[in-house]
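Inside the fold
What follows is the residue order along each chain.
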Amino acid sequence: MIRAIEPEFPEANERFVTEEQWDGIFTGLRELLGNQDEFLYMGYSEFGEQTTLTGSLSEHLADVYQDMKDFIILFKRPSLASRENAIYECAHLFQDRWGARLSVILPVIHQLTVSNQTDTRNNSDDFPGIY
């Protein structure tokens, strides 16, 4: 839904999230999720064949975080060139990376949320109606 825009000065494009920052987000999420981090999904192998792949919520979320954080920082810069590049990169990376990652992890997050709510309900017999 973002209007296609070709930046006038592509050299104004910048990335801000460092590998160390990405790794910190990834590691924190992996520790938080524990054994619920990995999931299976249908995707394409390196040979273009549809197959079952193993994914990591932490990796997918860290990738989305990196792209969104870079977009926000670049868009907040006061120059038009920075904003044009931010919008262009956001649309481009949505197509190539973070849009697909979100569509893969959404059902996994939904299932984790639903199963956690069910567990909480089953363990709250002392306080009915409180989850």
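For the structure itself, look to the data block above.
About the criteria used
All residue numbers refer to positions counted from 1 along the written sequence of the respective chain. At least 70 in pLDDT is required for a residue's local features to be given in this predicted model, at least 80 for side-chain atom pairs to be given and counted, and no such filter applies to totals for whole chains, interfaces and linings, which use all residues. Each side-chain value is worked out from all heavy atoms of the structure, with water and hydrogens disregarded. Note on aromatic contacts: the rings of Phe and Tyr and the six-membered ring of Trp form a pair at centre separations within 6.5 Å, being stacked when their planes are under 30 degrees apart, edge-to-face when over 60 apart, and tilted otherwise. Where helices and strands are cited, they refer to DSSP runs of H or I of at least four residues and of E of at least two residues respectively, numbered from the N terminus. Two limits define a charge over a ring: the Lys NZ or Arg CZ must be within 6 Å of the ring centre, and within 35 degrees of the ring normal. If DSSP finds at least two bridges between two strands, the strands pair. Here, residues are in contact when the closest pair of their heavy atoms is within 4.5 Å. By convention a nonpolar core is built from buried Ala, Val, Leu, Ile, Met, Phe, Trp, Tyr and Cys residues, the set being connected through side-chain atoms within 4.5 Å. The buried label goes to any residue with under 20% of its type's maximum accessible area, the exposed label to any with over 50%, and the partly exposed label to all in between, with areas taken from a 1.4 Å probe on protein chains only. Throughout, an axis means a line fitted to C-alpha atoms (over the contacting stretch in the case of helices), and angles, computed between N-to-C directions, take values from 0 to 180 degrees. Crossing handedness is read from the near helix: turned anticlockwise from the far helix by less than a right angle, it gives a left-handed crossing, and turned clockwise, a right-handed one. Only Asp, Glu, Lys and Arg are considered charged, only Ala, Val, Leu, Ile, Met, Phe, Trp, Tyr, Cys and Pro nonpolar, and every remaining residue, Gly among them, polar.

As enumerated under the stated definition, the model contains four aromatic pairs in all. Between the aromatic rings of Trp-22 and Phe-26, the centroid separation amounts to 5.2 Å while the plane-to-plane angle is 10°, which identifies the pairing as stacked. Taken together, the residues Trp-22 and Phe-26, both in helix H1 (residues 19–33) and four residues apart, mark about one turn of the helix. The ring of Phe-75 carries the charged tip of Arg-83 above its face, separated from the ring centre by 5.5 Å.

This paragraph deals with the pairing of strand E2 (residues 50–56). Where strand E1 (residues 38–44) lies against E2, seven bridges are found, and the strand directions are antiparallel. Residue pairing across strands places Gly-43 opposite Thr-51, the latter belonging to E2. Once E1 ends, the chain turns through five residues before running back antiparallel as E2, passing Gly-48 with a positive phi of about 80°.

Residue placement: Leu-61 occurs in helix H2 (residues 57–76). For the pair Leu-61 and Leu-102, spaced 41 residues apart in the sequence, the C-alpha separation amounts to 7.9 Å. Ignoring anything within four residues of it in the chain, the contact list for Leu-61 reads Leu-29 and Ile-105.

Counting six residues, the largest nonpolar core is built from Leu-33, Phe-39, Leu-57, Ile-105, Val-108 and Leu-112. In terms of residues, this core owes the most to one element, helix H3 (residues 80–122), which gives three residues. If sequence neighbours within four positions are ignored, Leu-112 has contacts with Gln-36 and Leu-57.

Bringing the side chain of Gln-66 into the picture now. Structurally, Gln-66 is set in helix H2. Overall, the relative accessible area of 16% leaves Gln-66 in the buried class. Ignoring sequence-local partners within four residues, the contact set of Gln-66 consists of Arg-15, Val-17 and Trp-22.

Two elements in contact, H1 and H2, have axes separated by 8 Å at closest approach and are oriented at 145°. The two elements H1 and H2 cross, and the hand of that crossing is right-handed. Where H1 approaches H2, its residues Trp-22, Ile-25, Phe-26, Leu-29, Arg-30 and Leu-33 are matched on the opposing element by Leu-57, Ser-58, Glu-59, Leu-61, Ala-62, Asp-63, Tyr-65 and Gln-66. Looking at the contact of H1 with H2 residue by residue, the classes come out as nine nonpolar, two polar and three charged.

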